[in-house]
Amino acid sequence: MALIWRPHPLLEVTVNEMAPELEEMYRRTIERCRDLDNCIFDDTPDMHRAMAWSDCFFGKYGSMMELYCHTGKPAVMLDFGGTDSSVRDYDEGALSGKVHAGEVLKEEELGMGTVLEFCREYQYVPADFEQKETFGERIYKFSKEALVRKISK
């Protein structure tokens, strides 16, 4: 398993301004990621490349997660305030159906162990129809349609 870490573009500025006591720890975390063989620190502006290369999204709810749902891959919203990370039973078919429907899997409802087990075993199976667009094109199309709807309101 490998991690592609894409910190929010404003994270470093936010840490510097609002929690300067955490600056050194944040820098060490970045360096640790860069030194690990199974971690990629990605601060490039192209999030679509990370979405195409990855097998699953783990993170807080936000715009990237919303876009990631359109890839047909698992998107897991982490609950950083939660304390229950026990392994629970899950229905693989039901979870696969949620992934293909673009639903967000919630760690707080499934338990971290269950989510990790599911994502490790989950095999991305394309839909039965012929896909004529890349994930990036589908995400761009969704973003453009959402913007048009917002402007037309």
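Cut-off values and rules
- Residues numbered from 1 in each chain as written.
- Predicted model: local features only at pLDDT ≥ 70, side-chain atom pairs only at ≥ 80, totals over all residues.
- Heavy atoms only, no water.
- Helix = DSSP H or I, 4+ residues; strand = E, 2+ residues; numbered from the N terminus.
- Buried < 20%, exposed > 50% of the residue type's maximum accessible area, 1.4 Å probe, protein only.
- Contact = heavy atoms within 4.5 Å.
- Disulfide = S-S within 2.5 Å.
- Core = buried A, V, L, I, M, F, W, Y, C linked by side-chain atoms within 4.5 Å.
- Pairing = 2+ DSSP bridges.
- Axes fitted to C-alpha atoms, helices over the stretch in contact; angles between N-to-C directions.
- Parallel < 35°, antiparallel > 145°, perpendicular 65-115°, else oblique.

Caption draft 1: Quick look at the overall build of the protein. Within the protein, the secondary structure is distributed over eight helices and five strands. Going from the N terminus to the C terminus, the protein shows its helices and strands as β-α-α-β-α-β-α-β-α-β-α-α-α. Residues classed as buried in the protein amount to 27% of the 153 residues present. Within the protein, residue pairs in contact and separated by at least 24 positions form 56% of the contacts whose partners lie at least 6 positions apart.

Caption draft 2: Expanded view of the state of the cysteines. For the structure on display, the rule yields one disulfide. The disulfide partner of Cys 33 is Cys 39, and the gap between their sulfur atoms is 2.2 Å. Its S-S torsion of approximately -80 degrees makes the covalent link between Cys 33 and Cys 39 left-handed.

Caption draft 3: Representation of the nonpolar core. Of all hydrophobic cores here, the largest spans 10 residues; its members are Cys 56, Val 76, Leu 78, Leu 95, Val 99, Leu 105, Leu 110, Val 115, Phe 118 and Cys 119. Elements represented by at least two residues in this core include exactly α5 (92–100) and α7 (112–121). The element contributing the most residues to this core is α7, with three residues. Every residue in contact with Val 115, bar those within four places of it in the chain, is listed here: Phe 58, Val 76, Glu 107 and Leu 110.

Caption draft 4: Spatial organisation of the sheet that holds strand β4 (residues 75–77). Here three strands make up an open sheet; going across it, the order is β3-β4-β5 and the pairing parallel. The open sheet has two edge strands, β3 (57–59) and β5 (105–106), and neither has a second partner. As paired strands, β4 and β5 are joined by two bridges and run parallel to one another. Residue pairing in the sheet places Val 76 in a bridge with Leu 105 of β5. Lying on the sheet, α7 is in contact with β3, β4 and β5; it crosses β3 at an angle near 160 degrees.

Caption draft 5: Region of interest: the packing of helix α1 (residues 11–18) against helix α2 (residues 23–35). Direction vectors running N to C along α1 and α2 enclose 155 degrees, while the axes themselves pass 9 Å from each other. Taken together, the axes of α1 and α2 are roughly antiparallel relative to one another. Of the residues in α2, those in contact with Leu 11, Glu 12, Val 15 and Asn 16 of α1 are Glu 23, Tyr 26 and Arg 27.

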